Amino acid sequence: MPVQKVNDSSDLDAKVPSHLQRTSITSLTMTSEPSHRCVKATVVHKGPVISCAQKDGIEMLRAEIKEEDPLQRTAEHTSINVIFFGTLAKDFSQSARQGDVVLLADFTIKKSPSFLRDKLHPCQLEMDGKDDFVYAKYTYVPLNDLKPRTVVNVYGVVTFFKQPFPSKGSDYCSTLKITDQSDVKVGCNIFSKKLEDHPILFRVGDIIRLHRFKTDVFRDSMSLLNTFGWSTVTFDGTTDSPVVPRTSSKSFHFGESDIRTVQELRQWAANQSWISNDLKVSLSMVKPGMYFDLTCQLLAKAVMDSRCILLKVWDGTKCQHPLLNVAVASDALEGESTVVKDRMNLTANVLVYDNHLEVARELKPGTFLQFYNLHALLQRAPDQQPDQSEHLSFHLHGGTSYGRGLRSLPAESPALQSLKSVLEKHVDLDEYDEVNDGTLLEIWYTPPEAVVLPNDEETDAEADTGPSYTVRTCEHNTRRLTLARVKRSTPPLSCHVRARVKKYKPQQLYQCLKLFCSNCKTMEDVPDDSAVAKVFRESAKDSQPCDEQWAATSSASSREPGRTISMHISRDMVGESTHMQLIFIEGTTLDEICVLSRDYKNLVPVRSVNSRMTLMDLTAPFLFSGDKRYYGCKQCSLNTFQNPVFTGVETWDEQAVAQALGVQLMQYRLLIQFELEDQTDTLEALLWENTERFFHVSAVDASGSQDLQDKIQTIMDTIQPPDSSLEERPWLDLCLSVYSVKDDDRNKVCYQITNTEIKEE
């Protein structure tokens, strides 16, 4: 009989046939008569489906279940192994997960061959699927009852969230915080390669259901991380709206108990002070300097350059300040003309940057949108005089701080009811939305990649001759500007310049290699070998080998008396190729693990604390892979290392290892600051996001290759030859991005080299 799922505890108990008597795990013995008994317990571990040699290769699966009866918390043997055979093994693997409550009946009781090792129960249960039946129930844990290092199912009200963003690896990451009636707030991180697998959240107050998430403590607070077999379902948080699940999954369980839970959370959240609409405003309420959330409709869009997309939106209300009009050529605009709405101050021109471009590219005119953390700024057009009033512009800056992002809203969303009614009042505007020559004269035609005036073009006397050592890879069709003109321009702006390198820093090029956390935006130097070696020495002192049930261990004596080197591997990986294994190594020095990493692809250095395995201080790499070392962020890593899950991974690369260990992988980056100079001025520009393309070198490859580091040094010596004058240095044709950032509540103009590469021979 296949495994069947139910949603409610009463449904689970109702499945027990009348002739069966429920019994506790602690009371089971070899002499117990199992034919009229059933047990109810929680799945705490589930192994993979393997072939059983003793039964002619039939498939089998071992699981551990634990009784959660509060009256038996001090009793022994509350956990027991269950062995499933045949089709039942495969069905249990697909249907049941850690944290599920199961009801088992018609099992066979056998002596446990692993009792002396695992100390669980002298007996084990065996089920072959012929007459047995298994029912599994999802159990939901209140947030104030979460315990570290367990796999749980929870419900919660969303108090904060970020839309999915690239994690600089192969995954997208979603970050959110949830709470429930216990008033405990819990953070949650979700990693998945597929964007559609992430939770569909529209606003604070939405309800979310999380299945199979691992708990751990981070910065003295409980946190959740998705683990193997995870899933999410979300619901609108509005009290009177229908309880309609939002998920991309084609099969999920949803019953009356779920509806009751959602409705109870809605009622509770509606009376909480943190549910506020203060951030969600209309255009008529916007003031300069505000950060706000905006619900609107997309009228038209245009790609300005590789770093910026213009979205022309409206919400039917009129802004109290004159709006900056960023118009584009008619053949570059996708969507309807907005001229009449522009004249009436109804159209907001939103400039979208960096990591939000992927979402913006997929949007279609007519779509309803939700912006999060949109910034309103006063700004002058290039043709405005200093004494003229500034206009209000809107920027969705790069990054995900404060939940910054955008997403489309389904047309049937309850959040759009009021917006639609306002837009319907302006339906007659479309009849007069026509463009003529007089109208075009009123439009400021200055897309960011071409914010130039006729007198910006360089004169013959200023023109620089001679070959360039670089080549631009952008598709901008814009004039070249002098550095003096660039410094007078108003961001955002993309332009072309020709200049020489006056100087650069850091002068010691090994210092340009940085570690960058895409989550918290921390950037730090790569630790030197002396600091890393010290961590290894401290971890090896008085180290006793770990004792983990999930690991097979081998040990050897080191050259130093009293120091033992231990290698641990998950029992699920035993027999696999060394290139497929994830090996945990304990008690080594830095030099020793570097030697071992030549033969083993994935080595994780660990230490023993009270005989339990844990990661070393993240000053040291958490992974050695050949010549490469990978580091984790101390602030963002959850270190969910105890009770790790190693099944379901096809290839162990640095992203997969980091996710399994609860480590936030830090990315290698190259950072150089140039001081550029031409005949008119000097300007400091960063080489950051474009560095790898500029040098034709990968930062992570350069971290472990002296040849690639020498290549970068050779290029820099060509750009700025030692002991050379400025006139002797080569010209560089560069694409320059001009943008502003917040620095101590003031806008600071920054310059970055983009879309430029060194000419290769």
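Parameters and conventions
- Residues numbered from 1 in each chain as written.
- Predicted model: local features only at pLDDT ≥ 70, side-chain atom pairs only at ≥ 80, totals over all residues.
- Heavy atoms only, no water.
- UniProt positions renumbered as here; feature names shortened; annotations may be inferred.
- Helix = DSSP H or I, 4+ residues; strand = E, 2+ residues; numbered from the N terminus.
- Buried < 20%, exposed > 50% of the residue type's maximum accessible area, 1.4 Å probe, protein only.
- Contact = heavy atoms within 4.5 Å.
- Areas by Shrake-Rupley, 256 points an atom, 1.4 Å probe, with all protein chains shown as cover.
- Pairing = 2+ DSSP bridges.
- Axes fitted to C-alpha atoms, helices over the stretch in contact; angles between N-to-C directions.
- Expected span 1.5 Å × (residues − 1).
- Arc of directions from axis to C-beta.
- Salt bridge = Lys/Arg side-chain N within 4 Å of Asp/Glu carboxyl O.
- pLDDT = per-residue confidence, 0-100.

- The name given to the protein in an unreviewed UniProt entry is Protection of telomeres protein 1, and the organism recorded there is Cyprinus carpio.
- Its UniProt record, at the heading Sequence similarities (unreviewed entry), says of the protein: "Belongs to the telombin family."

**Focus on the overall build of the protein**
Thought 1: When helices and strands are counted, the protein shows 15 helices and 39 strands.
Thought 2: Residues counted as buried form 53% of the 761 residues belonging to the protein.
Thought 3: Contacts spanning at least 24 positions in sequence make up 66% of the contacts within the protein whose residues lie at least 6 apart.
Thought 4: Accessible surface computed for the protein: about 36,000 Å², of which carbon and sulfur atoms make up 48%.

**So, the sheet that holds strand β11 (residues 151–166)**
Thought 1: Here we have five strands rolled up into a closed barrel, ordered β11-β12-β13-β15-β14, and mixed in their pairing. Mean inter-strand twist for the sheet, computed between neighbouring axes without regard to direction, equals 50 degrees.
Thought 2: Looking at chain direction, strand β14 (residues 207–218) and strand β15 (residues 221–235) are connected through eleven bridges and run antiparallel. Each residue of the ladder has a partner; that of Thr215, found in β15, is Leu224.
Thought 3: Each of β11, β12 (172–179), β14 and β15 touches helix α4 (residues 256–270); the most contacted strand, β11, lies at about 65 degrees to it.

**Digging into helix α10 (residues 529–540)**
Thought 1: Taking 1.5 Å per residue, twelve residues should reach 16 Å; α10 reaches 16 Å between its end C-alpha atoms and fits that length.
Thought 2: Here α10 has its buried residues at Val532, Ala533, Val535, Phe536, Ser539 and Ala540. Relative to the axis of α10, the buried residues are bounded by an arc of 155 degrees and lie together on one face.
Thought 3: Tucked into the core, α10 has its buried residues touching α11 (590–596), β30 (603–609) and β32 (623–625).

**Observations regarding the pairing of strand β20 (residues 368–379)**
Thought 1: Burial within β20 is extensive, with eleven of its twelve residues counted as buried.
Thought 2: Of the pairings in the sheet, the one linking strand β16 (residues 291–305) to β20 comprises six bridges and is antiparallel in character. Its bridge partner being in β20, Gln297 is matched across the sheet by Phe368.
Thought 3: One ladder, built from five bridges, connects β20 with strand β22 (residues 405–409); its direction is antiparallel.

**Considerations on the pattern of salt bridges**
Thought 1: This structure, assessed with the given rule, holds 19 salt bridges.
Thought 2: Of the charged contacts, one joins Glu677 and Lys502 as a salt bridge, the two residues approaching to 3.8 Å between their closest N and O atoms. Taken together, the positions of Glu677 in strand β35 (residues 672–677) and Lys502 in strand β24 (residues 493–505) put the pair 175 residues apart, joining distant regions of the chain.
Thought 3: Between Lys634 and Asp617 there is a salt bridge, with the nearest N and O atoms lying 3.8 Å from each other. One end of the pair, Lys634, is in the loop between β33 (628–630) and α12 (654–661); the other, Asp617, is in the loop between β31 (612–615) and β32, and 17 residues separate them in sequence.
Thought 4: Asp617 gets classed as partly exposed once you look at its relative accessible area, which sits at 39%.
Thought 5: Here the residues in one salt-bridge network are Lys502, Lys503, Glu675 and Glu677, joined through shared partners.

**Side note on the confidence of the model for the protein**
Thought 1: Per-residue pLDDT for the protein has a mean of 82; in total, 85% of the residues score no lower than 70.
Thought 2: Confidence over residues 430–463 falls short of pLDDT 50; this stretch has 69 contacts with residues more than four positions distant or in other chains.

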